[in-house]
Amino acid sequence: MEFSGVAIFKRKETWSTAKGLADRANLRPNAIDTRFGIASGSKIFTAVIICQLVEEGLLSFEAKLSEVLPDLFPDFPATIHHLLTHTSGIPDYFDEETMADYEELWHDRPMYGMKTGSDFLPLFQNRPMLFTPGERFRYNNAGFIALGLVVEKITGKPFIEEVEERIFARAEMADSGYFPLDQLPAQTAFGYIEEKNGWRTNQYAIPVIGGADGGAFVTANDMVRFWESLMNHSLLSKGMTGCLLTAHVSGGSGDYGYGVWIDRQDGAITKYHVIGYDPGVSFHSGYYPDSGSVLTVLSNRGKGAFEAMKLIEGAWLDEAGQI
């Protein structure tokens, strides 16, 4: 399958490329400044805000969800740390270990009604715990929905506004945002789902607007700005940045910090990275601490970003396995 999307690699100099169409019906090509959905890749934004609230003394990593939001989750004893590391054991609205088709979620609950974190509550709020908090890693989208509701409780503002103020504005990510699928701004790529006899957009396949568990839209350059702002401590203090990037647990795809995957080679950290997949969306973005490089691949197809990431990494790896 031909790649459709954008890739950018910033080391000492910046290399970038754009392939395919952002709008197939009107033959509008993808460009370096095209906005793409990043699905779960935006969980790191949620994690950064939670860490900011902890730094401000408004929250603790050891606070229990049942204590912070007793009216919503009286029977969920998981801590904020558990939620951030996918070790909470709370039920998930989309369990990636048992469910394969994300679109099945919207058969009984239309996606156009999913506009806030509270809209997801009926999908998991009253279901039993899956296991004792801290027992093991199990990737959990509902845990980040809950974190978004924690942010709203503490700040008194909608979650999306907090991301815009605390992350996008501080990191100068001027082209990024959470956009309704039926009101996409200019220079935004439609997500495409391939079918036997053609294609369709993902407008009816994912929630109408993103939130704390995913769904932001970014440009390639904005992701460079995000990583650089995180690593130069513009978003968090040096100590709290280290806490976010600490390997707190081992998951199915490597070590996991707070909203971020961590790769190692011979014991040394080689990459911090975030990943996102939805119908019509694939996304990988990584920061390589040895060189301070950033590599981001955004695609408006459900596949392609992983393969492109590995191809580019392979072309730039040195003999020591560093980029």
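Our subject is the structure listed above.
Residues numbered from 1 in each chain as written. Predicted model: local features only at pLDDT ≥ 70, side-chain atom pairs only at ≥ 80, totals over all residues. Heavy atoms only, no water.

Visitor: When you look at the nonpolar core in this model, what are you seeing that I'm missing?
Guide: In this structure, F45, F61, I80, F124, F226, W227 and L230 are the most contacted members of the largest nonpolar core, which totals 84 residues. Top contributing element to this core by residue count: helix α1 (residues 43-55), with 9 residues. With 9 residues, the next largest nonpolar core counts F9, L295, M309 and I312 among its residues. (Core = buried A, V, L, I, M, F, W, Y, C linked by side-chain atoms within 4.5 Å. Buried < 20%, exposed > 50% of the residue type's maximum accessible area, 1.4 Å probe, protein only. Helix = DSSP H or I, 4+ residues; strand = E, 2+ residues; numbered from the N terminus.)

Visitor: Looking at this structure, I do not really get the pairing of strand β6 (residues 192-195). What am I missing?
Guide: Residues in a regular strand point their side chains to alternate faces of the sheet. Across 4 bridges, the pairing between β6 and strand β7 (residues 198-201) is antiparallel. Bridged to E195 within β7 is G198. Between the antiparallel neighbours β6 and β7 lie 2 residues. (Pairing = 2+ DSSP bridges.)

Visitor: Just to check I follow, could you spell out the pattern of salt bridges for this structure?
Guide: Between side chains of opposite charge, a pair can form when the charged atoms approach closely. Under the definition given, this model contains 12 salt bridges. With its nearest N and O atoms 2.7 Å apart, the salt bridge here joins E194 to R24. Within this pair, whereas E194 is found in strand β6, its partner R24 is found in the loop between β3 (21-23) and β4 (28-29), the two being separated by 170 residues in sequence. The class of E194 is partly exposed, set by a relative accessible area of 36%. (Salt bridge = Lys/Arg side-chain N within 4 Å of Asp/Glu carboxyl O.)

Visitor: Just to check I follow, could you spell out the environment of S88 for this structure?
Guide: Within the secondary structure, S88 is located in the loop between α3 (80-84) and α4 (141-155). Under the relative-accessibility criterion, S88 is labelled buried at 2%. Through-space distance from the C-alpha of S88 to that of N197 is 42 Å; in sequence the pair is 109 residues apart. Those residues in contact with S88 that lie beyond four places of it in its chain are A78, H82, L83, M129, F131, P133 and N140. From its side chain, S88 meets the backbone nitrogen of I90 in a polar contact 3.3 Å long. (Contact = heavy atoms within 4.5 Å. Polar contact = N/O pair within 3.5 Å; in protein donor to acceptor, adjacent residues only side chain to side chain.)

Visitor: I'm lost on helix α5 (residues 159-168) in this one. Help?
Guide: Because each turn of an α-helix spans 3.6 residues, side chains separated by three or four positions end up pointing in the same direction. With 7 of 10 residues buried, α5 is to be regarded as a mostly interior element. Where the residues of α5 are buried, they touch α1, α4 and α6 (220-231).

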